[in-house]
Amino acid sequence: MNAPQKNTTEYNFAYLDEDTKRMIRRALLKAVAIPGYQVPFASREMPMPYGWGTGGVQVTAACLTPDDVLKVIDQGADDTTNAVSIRKFFQRTADVDVTERTADATIIQTRHRIPEAALTEGQILVFQVPIPEPLRFLEPRETETRKMHELEEYGLMHVKLYEDIAKHGQIATAYAYPVKVEGRYVMDPSPIPKFDNPKLSDNPALMLFGAGREQRIYALPPHTKVASLDFEDHPFEASKANHNCDICGAGDTYLDEVITDDRGSRMFVCSDTDHCRTRQEA
Amino acid sequence: MLEGGFTDQPRQSATAFRAALDAMARPGTIHTVAGAQPPALSIAAGVLLLTLADRTTSLWLAPPLSAARDWITFHTGATFSAPEDAQIAIGAWHDLPVARFPIGRPDYPDRSATLIVEMPDLTATGPRLTGPGIKDHANLSLPETEAFRMNATAFPLGLDFFFTAGDRLAALPRTTKVEAA
């Protein structure tokens, strides 16, 4: 594969045309003003398939400035196909600086993780979202789920979590765990592990969510109260594999289980590759 | 009329939008922008219009600012409408018919107007702001308290505000609770 070309002038800055960026920017401002509410937007076809982060890419393109330093992760890793291709896309179309270090990034586009390192004021985290509607698997009709959000009618979601407890003895939802934002909108935090849910609340960074196929944008401003849904007698628990990282030894990070041969050997490693490497170097 | 627009629209509007986004995400913070030289409007109000308005948006312009009308039409293509249909409105606080702008619908609260309020000055003093985007509290020299306190009680409906003075801007989304300092 060819190295990304610098200053490819055939494209507008950050790929999208200015009309599209203005439309996305207006949606983003409303999303920030109504935390957790899904703002419809006229999602464009992107030069990558749905499911590869077309929503996140459009949000990033609308936010990116020439001075930004971009980091892209896929399940915590900087070096997987999705992350590499999106990073190259913006190097080529916006000529921005890129990094793998969470602390050095001003915009981080992420698929299904929140970095382990604490985010700071001024950073933007852009989530790629497959299904933005938390009630969609309980109620397939958009007309109905819109009404449910309007009326704050979220009983169905609690029934679903209750059925989890009745069947499994605990809430079995392990990712895309629903949250309530500032006591109003129930929101899908995208398929992040529920281990990451506590980081959604009172985070100093701005969090933006883009769903390309479903044409929705939503947001969590910094320092917003975000509560994971639970019951008094079954409180929310941020769970992870009961191991330490086999590379850096961290006991407080989210781990990937890696199969190492065909005889059942396995190891657990940090899902956040930058965090793991930083710990090894320290 | 032909002067005073962005000279490098993709990059200048990107930088301007980040200031606007940051202002809306962190109510009370004051940001400096550049790139527009509109007649009758502040630089910041001109930058916001160039960044957010186009042929698909309807504007309401306060009558005392009518000298800016041709500039806005030439540089954005936006159409002008009654306050009830406006997506963006620009004016000094006492010229804005605040009660007439759309505050969104219960099923689509995003279909609400964004008001750009021209101010003589903008400082981090005055009414006390709390809510999403604000760590503890912030202060901003709002033109009054009561209207913004009432606006927040309509959540999730409501208006969202930018305040502009010279080349500086701040914002107040409907989520911010405003109290007299």
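Keep in mind the model is a prediction, meaning the values are calculated, not measured. (Residues numbered from 1 in each chain as written. Chains lettered and ligands numbered in written order. Predicted model: local features only at pLDDT ≥ 70, side-chain atom pairs only at ≥ 80, totals over all residues. Heavy atoms only, no water.)

**Side note on the overall build of chain B**
Helix and strand counts for chain B come out as four helices and ten strands. Listing the helices and strands of chain B from first to last along the sequence gives α-β-α-β-α-β-β-β-β-β-α-β-β-β. Compactness check: chain B gives a C-alpha radius of gyration of 15 Å against a globular reference of 16 Å for 181 residues, within 12% of the reference. When the backbone C-alpha atoms are referred to their principal axes, chain B occupies close to 45 × 30 × 30 Å. Within chain B, the fraction of its 181 residues that count as buried is 57%. When the accessible surface of chain B is totalled, it reaches about 7100 Å², and 53% of it is carbon and sulfur. Once the 14 positive and 18 negative side-chain charges of chain B are each reduced to a mean point, those two points are 7 Å apart. (Helix = DSSP H or I, 4+ residues; strand = E, 2+ residues; numbered from the N terminus. Rg over C-alpha atoms; globule rule 2.2 N^0.38 Å. Buried < 20%, exposed > 50% of the residue type's maximum accessible area, 1.4 Å probe, protein only. Areas by Shrake-Rupley, 256 points an atom, 1.4 Å probe, with all protein chains shown as cover. Lys, Arg positive; Asp, Glu negative; His and termini not counted. Charge placed at Lys NZ, Arg CZ, Asp CG, Glu CD.)

**Looking at the interface of chain B and chain A**
At the interface, 41 residues of chain B touch 42 residues of chain A. The three residues of chain B that bury the most area against chain A are F17, R18 and R26 of chain B, which together make up 18% of that side's buried surface. The interface formed by chain B and chain A includes six salt bridges. Across the salt bridge formed by R26 of chain B and E121 of chain A, the nearest N and O atoms sit 3.2 Å from each other. The interface formed by chain B and chain A contains 19 residue pairs in polar contact (both at pLDDT 80 or more). Mapped by element, the contributors of at least two residues to the side of chain B that touches chain A are α1 (9-25), α2 (43-52) and β8 (160-165) of chain B. A total of twelve residues in the side of chain B that touches chain A trace back to one element, the largest contributor, which is α1 of chain B. (Contact = heavy atoms within 4.5 Å. Buried area = accessible area lost by both parts, 1.4 Å probe. Salt bridge = Lys/Arg side-chain N within 4 Å of Asp/Glu carboxyl O. Polar contact = N/O pair within 3.5 Å; in protein donor to acceptor, adjacent residues only side chain to side chain.)

**Looking at the packing of aromatic side chains**
The tally for this structure, following the rule as stated, stands at 14 aromatic pairs over all chains. Aromatic side chains Y11 of chain A and Y15 of chain A sit 5.5 Å apart centroid to centroid with 45° between the ring planes, which places their arrangement in the tilted category. Grouped by ring-pair contacts, the aromatic residues Y11, Y15, F89 and F90 of chain A constitute a single cluster. Above the plane of the ring of Y108 of chain B lies R146 of chain A, whose end atom (NZ or CZ) is 3.8 Å from the centre. (Phe/Tyr/Trp six-rings, centres within 6.5 Å; stacked < 30°, edge-to-face > 60°. Lys NZ or Arg CZ within 6 Å of the ring centre and 35° of its normal.)

**Overview of the domain arrangement of chain A**
A common way to report how large an interface is uses the accessible area buried once the components associate. Residue and element names in this part refer to chain A. Taken domain by domain, chain A consists of domain 1 (18-137 + 163-228) and domain 2 (240-282). At the junction of the two partners, domain 1 supplies 15 residues and domain 2 supplies 13 residues. When domain 1 packs against domain 2, close to 1100 Å² is buried across both sides, 43% of that on carbon and sulfur atoms. Counting the contacts that link domain 1 with domain 2 gives two salt bridges. (Domains from an automatic or database assignment.)

**Considerations on the sheet that holds strand β1 (residues 39-40) of chain A**
Strands sit in the order β1-β9-β8-β5-β4-β2-β3 (chain A) across an open sheet of seven strands; the sheet is mixed. Among the strands making up the open sheet, the edge pair consists of β1 and β3 (97-98) of chain A. Pairing geometry for strand β2 (residues 69-74) of chain A and strand β4 (residues 107-111) of chain A, over five bridges, is parallel. By the bridge assignment, I73 of chain A is partnered in β4 of chain A with T110 of chain A. Packed onto the sheet, α1 of chain B meets β4, β5 (124-128) and β8 (206-211) of chain A and runs at close to 110° relative to β8 of chain A. (Pairing = 2+ DSSP bridges. Axes fitted to C-alpha atoms, helices over the stretch in contact; angles between N-to-C directions.)

**Looking at the sheet that holds strand β7 (residues 138-139) of chain B**
All names here are of chain B. In spatial order, the strands read β7-β6-β10; together these three strands make up an open sheet with antiparallel pairing. The open sheet has two edge strands, β7 and β10 (177-179), and neither has a second partner. Where strand β6 (residues 128-130) and β10 come together, three bridges link them in antiparallel fashion. Among the inter-strand pairings, R128 is bridged to a residue of β10, identified as E179.

**Concerning the pairing of strand β5 (residues 114-118) of chain B**
On a regular strand, one side chain projects to one face of the sheet and the next to the other, so that they alternate. Residue and element names in this part refer to chain B. By the criterion of burial, β5 is predominantly enclosed, with five of the five residues buried. Burial along β5 is two-sided: T114, I116 and E118 and L115 and V117, pointing in opposite directions, are all buried. Across five bridges, strand β4 (residues 88-92) lies against β5 in parallel orientation. Across the sheet, G91 pairs through a bridge with V117, a residue of β5. Pairing analysis gives five bridges linking β5 to β8, with the strands arranged parallel. In the sheet register, E118 faces β8, and the bridge partner there is T164.

**A short note on helix α5 (residues 155-168) of chain A**
Residue and element names in this part refer to chain A. For α5, built from 14 residues, the straight-helix expectation of 20 Å at 1.5 Å per residue is met to within 8% by its first-to-last C-alpha distance of 20 Å. Listing the buried residues of α5 in full gives M157, L161, D164 and I165. Down the axis of α5, the buried side of the element spans an arc of 95°, and every buried residue falls inside it. Turned more than 90 degrees from where α5 packs its buried face, Y162, A166 and K167 sit exposed. G169 sits one or two residues past α5 and shows a positive phi near 80°. (Expected span 1.5 Å × (residues − 1). Arc of directions from axis to C-beta.)

**Description of a nonpolar patch on the surface**
Residues and elements named next belong to chain B. A cluster of nonpolar side chains, namely M1, L2 and F74, defines an oily patch on the protein surface of about 330 Å² accessible area. As for its placement among the helices and strands, L2 is situated in the segment before α1. A relative accessible area of 54% means that L2 is categorised as exposed. (Patch = residues over 30% accessible without salt bridge, like charges linked within 9 Å, V, L, I, M, F, W, Y side chains within 5 Å.)

**Considerations on the packing of α1 of chain B against α2 of chain B**
All names here are of chain B. Contact pair α1 / α2: the axes reach a minimum separation of 9 Å and the direction vectors enclose 110°. Of the possible angle classes, the one that applies to α1 and α2 is roughly perpendicular. Residue-level inspection shows S13, A16, F17 and A20 of α1 in contact with α2, the latter providing V47, L48, T51 and L52. The class makeup of the residues in the contact of α1 with α2 is six nonpolar, two polar and no charged. (Parallel < 35°, antiparallel > 145°, perpendicular 65-115°, else oblique. Nonpolar A, V, L, I, M, F, W, Y, C, P; charged D, E, K, R; others polar.)

**Description of unusual backbone geometry**
Both trends apply: most residues other than glycine have a negative phi, and most peptide bonds are in trans. Here the amide bond leading from F155 of chain B into P156 of chain B is cis, since omega sits at 10°, within 30 degrees of zero. Mapped onto the fold, P156 of chain B is located in the loop between α4 (146-153) and β8. Positioned with a positive phi, H112 of chain A is a non-glycine residue whose angle comes to about 75°. For H112 of chain A, the position within the fold is in the loop between β4 and β5. At E152 of chain A, a position not held by glycine, the phi torsion is positive, near 55°. Inspection of the secondary structure puts E152 of chain A in the loop between α4 (142-150) and α5.

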